[in-house]
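Given next are the chains, with one letter for each unit.
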Amino acid sequence: MEKSLAEMQKEVDRYISQFKEGYFSPLSMLARMTEEVGELAREVNHNFGEKPKKSTEEENSIELELGDILFITICFANSLGIDLTEAHDKVMHKFNTRDANRWTKKDTE
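Peer 1: Account for the overall build of the protein chain, naming residues and giving values.
Peer 2: From N to C terminus, the protein chain includes 4 helices and 0 strands. Its C-alpha atoms give the protein chain a radius of gyration of 18 Å, more than 25% over the compact-globule value 13 Å for 109 residues. Projected onto its principal axes, the C-alpha positions of the protein chain cover 55 × 40 × 30 Å. When the 109 residues of the protein chain are sorted by exposure, 18% land in the buried category. Restricting the contact set of the protein chain to residue pairs at least 6 apart, pairs at least 24 apart contribute 63%. For the protein chain, the computed accessible surface area is about 8900 Å², with 56% contributed by carbon and sulfur atoms. Counting 15 positive and 22 negative side-chain charges, the protein chain places the centres of these two groups 4 Å from one another.

Following this line, the structure appears as structure tokens:
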């Protein structure tokens, strides 16, 4: 089942809202996001870099690490009242205008 960003934001909010602690502070979420990006970097390095996993390391995946980053990004946005669909639209507008001719486009013929 496909979900919109708005639906994901509501789902995460329902999950977080069941706990007294609620959302972490922005600084704590930034630290958590940094931690998750580090875990993604480790997985990418294991899969595509020169650093194989140790035999004692748990199995993990790039997919799960990206999911963790998406979750904390949604938590961060929700805590600050940011609509991620609107944020995405603004970023795409920026890329489509500022960077319209930055890279070589593929032939569309």
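Peer 1: Residue-level account of the side chain of Glu36, with values.
Peer 2: Assignment of secondary structure puts Glu36 in helix H2 (residues 26–48). Setting aside chain neighbours within four positions, we find Glu36 in contact with Glu65, Asp68 and Ile69.

Peer 1: Explain H2 to me, using residue names and the numbers behind them.
Peer 2: End to end, H2 covers 32 Å across 23 residues, agreeing with the expected 33 Å (1.5 Å per residue, within 8%). The complete set of buried residues in H2 reads Met29, Met33, Glu36, Leu40, Glu43 and His46. Against helix H3 (62–80) lie the buried residues of H2.

Calculation notes
Residues numbered from 1 in each chain as written. Predicted model: local features only at pLDDT ≥ 70, side-chain atom pairs only at ≥ 80, totals over all residues. Heavy atoms only, no water. Helix = DSSP H or I, 4+ residues; strand = E, 2+ residues; numbered from the N terminus. Rg over C-alpha atoms; globule rule 2.2 N^0.38 Å. Buried < 20%, exposed > 50% of the residue type's maximum accessible area, 1.4 Å probe, protein only. Contact = heavy atoms within 4.5 Å. Areas by Shrake-Rupley, 256 points an atom, 1.4 Å probe, with all protein chains shown as cover. Lys, Arg positive; Asp, Glu negative; His and termini not counted. Charge placed at Lys NZ, Arg CZ, Asp CG, Glu CD. Expected span 1.5 Å × (residues − 1).

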